[in-house]
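Read off the chains here:
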4 protein chains.
Amino acid sequence: MARGVNKAILIGNLGRDPEIQNFDKGVKKASFSLATTETYRNREGQEMEQTEWHNIILWRGLAEIAEKFLRKGSQVYIEGRIRNRSYEKDGQKRYITEIEGDTLNLLGSRQSNDSSSYQENQPSAQPAPPPVQEPEDDLPF
Amino acid sequence: MARGVNKAILIGNLGRDPEIQNFDKGVKKASFSLATTETYRNREGQEMEQTEWHNIILWRGLAEIAEKFLRKGSQVYIEGRIRNRSYEKDGQKRYITEIEGDTLNLLGSRQSNDSSSYQENQPSAQPAPPPVQEPEDDLPF
Amino acid sequence: MARGVNKAILIGNLGRDPEIQNFDKGVKKASFSLATTETYRNREGQEMEQTEWHNIILWRGLAEIAEKFLRKGSQVYIEGRIRNRSYEKDGQKRYITEIEGDTLNLLGSRQSNDSSSYQENQPSAQPAPPPVQEPEDDLPF
Amino acid sequence: MARGVNKAILIGNLGRDPEIQNFDKGVKKASFSLATTETYRNREGQEMEQTEWHNIILWRGLAEIAEKFLRKGSQVYIEGRIRNRSYEKDGQKRYITEIEGDTLNLLGSRQSNDSSSYQENQPSAQPAPPPVQEPEDDLPF
DNA sequence: TTTT
DNA sequence: TTTT
């Protein structure tokens, strides 16, 4: 039974152009590193900076958006799940943590395209379509 | 073009049983008030408590889950969008803010059903299905 | 006892310059409307757009940042709490929902100032300062 | 300059009792694994389940709460930052991803203590204290 | 009232 | 109107 929530919310900048992989049946995958930089004051009152690098992966439609619009330095909002994977390298088992994005927003762009936001798999119900024949004076509470 | 994020994340308890409305074509709507209570210390160091009441609405599948499993007092996690609506009452225009949930988790329950978590409209891609024929040594970064 | 979470996460654009109020003891308050615009496809496959307007309020340090750096049109990330207030107007009780921000990020700006992100009241512990004398080989799990 | 957001939001269950470490000056650290389980339907319509295990660390006050109240199986809400660390083991550099929590909620508990929610370092300003002498009819927008 |  |  599911009682879980596994959510990452990130705003940061791409360290490199996305790397694109194409699989069977037109399935596309985009991978890139995302730097999230936070500032804080230390005990001496100095402004400090801390950057984390996240491994981002995007699939299918989001990967296509990434391929078209994201470049090194792009500032994005990404919402997704934290995934832990293992793989073999040099006969050793290695572990990697990735953020599998399901929402992507390109931030701060002044471009004229219509694709700076995208969310997976919510075609018609987002926002929820109004129900048929709700009476005008039907208050919801 | 969308560059927006509109997200509410709530954990609280229902003040009443959900109210259910049925519309055409089997569309169901659930409405209820949700209390989120936070504690904090005031300037005198006293433990204080602050409760907010939120108007929650759920549609379709989530409304069915609410009807079946949520009751007065139930503790839930809800993720959704903040919506502002207006309506007429007594010849006056009134405004109401609602949270339209798209994810619902029933918390703390020890029941054995399989419905304590539910998310709208992400049938096959959540989590993203693995691509066909990804080679084993294909590292993603 | 608190078992609650009351969180709003917004990315949008200011509809107007922030309105600033100054209170006793140097307490400052900033208020503005924030538009969050989402796009989605309707049942006919057309690209649709939905904008919500949120009433944002910021206090103290965040209000100062807002006064200095936010203008009509600015794109910001805001994290905060949903607050419902009532007030009297024309002898009628009115209700208003506001988002009281505790984190503010100015997005998409290429300016060279050091104030585009700010979080309330987490002076030294964010990120948590490393503990004293943690041994180098001290693995955390 | 900070333009970043690095946030994890998790609801899950502890795989083991928290492990507690005590450092100089009374600094305490709690570590545990947290399982977040999600369900989804696969392409054949079968109910599937996916569990991720997260390495959680909590410092100071949150570590004390964890030590007192969290046990194997406890259901918790954790909000925090994603941190990537490296360390040496067997002469090899290893990487680990941890969630450093700054908010902790014990969920679903029916116990009578007053400590099921806790947030770091926001002593007096959360929620923001009302400003002094705000006039009663002072509308915020 | 914003933005694209 | 909830919960502890």
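Computed from a prediction, not measured in an experiment: that's the story for all the values here. (Residues numbered from 1 in each chain as written. Chains lettered and ligands numbered in written order. Predicted model: local features only at pLDDT ≥ 70, side-chain atom pairs only at ≥ 80, totals over all residues. Heavy atoms only, no water.)

Comments concerning the overall build of chain A
A tally of helices and strands in chain A yields 1 helix and 7 strands. Listing every helix and strand of chain A by position from the N terminus yields β-β-β-β-α-β-β-β. In chain A, buried positions account for 57% of the 141 residues. (Helix = DSSP H or I, 4+ residues; strand = E, 2+ residues; numbered from the N terminus. Buried < 20%, exposed > 50% of the residue type's maximum accessible area, 1.4 Å probe, protein only.)

Digging into the pairing of strand 4 (residues 47-59) of chain C
All names here are of chain C. In this sheet, strand 4 lies alongside strand 3 (residues 28-41) in antiparallel orientation, the contact comprising 13 bridges. Residue pairing across strands places Ser33 opposite Asn55, the latter belonging to strand 4. The turn joining strand 3 and strand 4, which pair antiparallel and follow one another in sequence, is formed by 5 residues; a positive phi near 85 degrees is taken by Gly45. As paired strands, strand 4 and strand 6 (residues 92-106) are joined by 3 bridges and run parallel to one another. Within strand 6, the residue paired with Asn55 across the bridge is Glu98. (Pairing = 2+ DSSP bridges.)

As for the pattern of salt bridges
This model, assessed by the stated rule, comprises 40 salt bridges over all chains. The shortest N-O distance in the salt bridge between Glu67 of chain A and Lys28 of chain A comes to 3.0 Å. Residue Glu67 of chain A is found in helix 1 (residues 60-69), and its partner Lys28 of chain A is found in strand 3 (residues 28-41); the two are separated by 39 residues along the sequence. When its relative accessible area of 32% is taken as the criterion, Glu67 of chain A is described as partly exposed. Residue classification places Lys28 of chain A among the buried residues on the basis of a relative accessible area of 12%. Lys7 of chain D is the partner of Glu79 of chain D in a salt bridge, and the nearest nitrogen-oxygen pair spans 2.7 Å. Note that Glu79 of chain D is positioned in strand 5 (residues 75-89) and Lys7 of chain D in strand 1 (residues 5-14), a separation of 72 residues in sequence. With a relative accessible area of 5%, Glu79 of chain D lands in the buried category. Salt bridges sharing partners connect three or more residues here, namely Glu38 and Glu52 of chain A together with Arg81, Arg83, Glu100 and Asp102 of chain D. (Salt bridge = Lys/Arg side-chain N within 4 Å of Asp/Glu carboxyl O.)

Re unusual backbone geometry
Of note, the phi angle at Asp90 of chain B is positive, near 55 degrees, even though the residue is not glycine. Following the sequence through the fold, Asp90 of chain B ends up in the loop between strand 5 (75-89) and strand 6 (92-106).

Remarks on the packing of aromatic side chains
Residues and elements named next belong to chain B. Within this structure, the stated rule accounts for 4 aromatic pairs over all chains. With a centroid separation of 6.1 Å and an interplanar angle of 40 degrees, the aromatic rings of Phe23 and Trp59 are classed as tilted. Pair noted here: Phe23 is in the loop between strand 2 (19-22) and strand 3 (28-41) and Trp59 is in strand 4 (residues 47-59), with a separation of 36 residues, a long-range link. Comparing Phe23 with Trp59 shows no difference in burial state: the two are buried. (Phe/Tyr/Trp six-rings, centres within 6.5 Å; stacked < 30°, edge-to-face > 60°.)

Quick look at the pairing of strand 1 (residues 5-14) of chain A
The side chains of a regular strand alternate between both faces of the sheet. Among the 10 residues that make up strand 1 of chain A, 10 are buried, leaving the element largely enclosed by the rest of the structure. Sheet topology note: the strand 1 of chain A/strand 1 of chain D ladder contains 7 bridges and is antiparallel. Among the inter-strand pairings, Ile9 of chain A is bridged to a residue of strand 1 of chain D, identified as Lys7 of chain D. Judged from the 6 bridges that link them, strand 1 of chain A and strand 5 (residues 75-89) of chain A form a sheet pairing that is antiparallel.

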